[in-house]
Every structure is written in C-alpha cells, then in structure tokens.
Amino acid sequence: MEFKQLVDTAEKWCSGNPFDLIFAEEVDERRLDFYAEPGISFYVLCPDGMTGGSDNFHVWSESEDCLPFLQLAQDYISSCGNKTLLEVLDKVFRSFRPLLGLPDIDDDTYEQYHADVEEEAETDHQQMGVSQQ
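Residues numbered from 1 in each chain as written. Predicted model: local features only at pLDDT ≥ 70, side-chain atom pairs only at ≥ 80, totals over all residues. Heavy atoms only, no water.

Chemist: Looking at this model, I keep getting lost on the packing of aromatic side chains. Mind explaining?
Modeler: The geometry of two aromatic rings is summed up by the distance between their centres and the angle between their planes. For the coordinates displayed, the defined rule picks out eight aromatic pairs. Ring centres 5.6 Å apart and planes at 85 degrees place the aromatic pair W13 and F34 in the edge-to-face group. One end of the pair, W13, is in helix α1 (residues 3-14); the other, F34, is in strand β2 (residues 31-36), with 21 residues separating them in the sequence. With a relative accessible area of 7%, W13 lands in the buried category. Here the aromatic rings of W13 and F93 are separated by 6.4 Å at their centres, their planes lie at 85 degrees, and the arrangement is edge-to-face. Here W13 is found in helix α1, whereas its partner F93 is found in helix α3 (residues 85-96), with 80 residues between them in sequence. Of the two residues examined, W13 and F93, each falls in the buried class. Here the basic side chain of R31 rests over the ring of Y43, its NZ or CZ set 3.6 Å away from the ring centre. In this arrangement the basic side chain of K83 is found over the ring face of Y76, its NZ or CZ atom lying 5.0 Å from the centre. (Phe/Tyr/Trp six-rings, centres within 6.5 Å; stacked < 30°, edge-to-face > 60°. Helix = DSSP H or I, 4+ residues; strand = E, 2+ residues; numbered from the N terminus. Buried < 20%, exposed > 50% of the residue type's maximum accessible area, 1.4 Å probe, protein only. Lys NZ or Arg CZ within 6 Å of the ring centre and 35° of its normal.)

Okay, structure coming up:
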C-alpha cells in the first residue's frame, strides 16, 4: 500500500479515539508515531512489499510503561494472515484501554464468548450420551 494511503488511514483512525498521529516518515522506516495523554506513545513500522522490506506491521514503544500493553497487538500481528493497518491500530487501542482509563472491552467479550462455548459443550455432551446408548 502507498505510504500516503497508510497516513490517511492513520489520521482517520485517530479521529475516533484519543491518539494523535504525531509523526510520519516514509524514507527510512515507513514509520507512524502516535501519542495520547497521559504519556502513551507507540509507533508502527509499515510493511513495504515494493522494495522487499518486511511483510508485516511492527508495533513498539520507547516507553517502558507502554511496552507490556503492546504484547496483545504484537501477538496478533505475528499470528497467521496479513493484517491491515486499521486492524493493527484497533488492536493497539484495545491494548491501551486500561492506560487510557477506559473499560477493557475484551474481557466482557471473552466472558460472553466463554459462557456460550460452555453452554454448547454441555449440549454436545448430552447429545453424545444419547447417541451412544
């Protein structure tokens, strides 16, 4: 993807959350830097398939306080399949929700999903018992 399109996507993404795109550099690293109060910063290195660069996005922070929160996004990026910048930024935003003072939406989603899976498993076990008779 053209770097200009990546910058446009990042700017649009910033309009819906507390982060600002504070720096965009195409020449050396294809790097996008983001910042939000209270001192939360991270950057994204964008893939450059045209010049044989990395195939995946990479997220990092130079802030020791922010690094542990990026683990979820880093795991997501390294999982199978190509990711879009918007998908990566959304995952980073979810990772930083506790630092931003926002409720952690992943926990609710996980609990709801986990409860549904348990209900389905119980139903499957009951059916298995009947079919084995």
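There's more to say after this.
Chemist: What am I meant to see in unusual backbone geometry here?
Modeler: Most peptide bonds take the trans configuration, and most residues that are not glycine carry a negative phi. P38 follows E37 through a cis peptide bond whose omega is 5 degrees. Among the secondary structure elements, P38 is positioned in the loop between β2 and β3 (40-45). Although it is not a glycine, R30 sits at a positive phi angle of roughly 55 degrees. Structurally, R30 can be placed in the loop between β1 (20-25) and β2.

Chemist: When you look at the pattern of salt bridges in this model, what are you seeing that I'm missing?
Modeler: Once the charged atoms of two side chains with opposite charge are near each other, the side chains can pair. Under the defined criterion, the tally for this structure stands at four salt bridges. Salt-bridge contacts for D8 lead to K4; the nearest nitrogen and oxygen are separated by 2.9 Å. One end of the pair, D8, and the other, K4, are both in helix α1, four residues apart, so they sit about a helical turn from each other. On the accessibility criterion, D8 (31% relative accessible area) is partly exposed. Between R31 and D33 there is a salt bridge whose closest N-O contact spans 2.7 Å. Given a relative accessible area of 14%, R31 falls into the buried group. Residue D33 is classed as buried on the basis of its relative accessible area, which comes to 13%. (Salt bridge = Lys/Arg side-chain N within 4 Å of Asp/Glu carboxyl O.)

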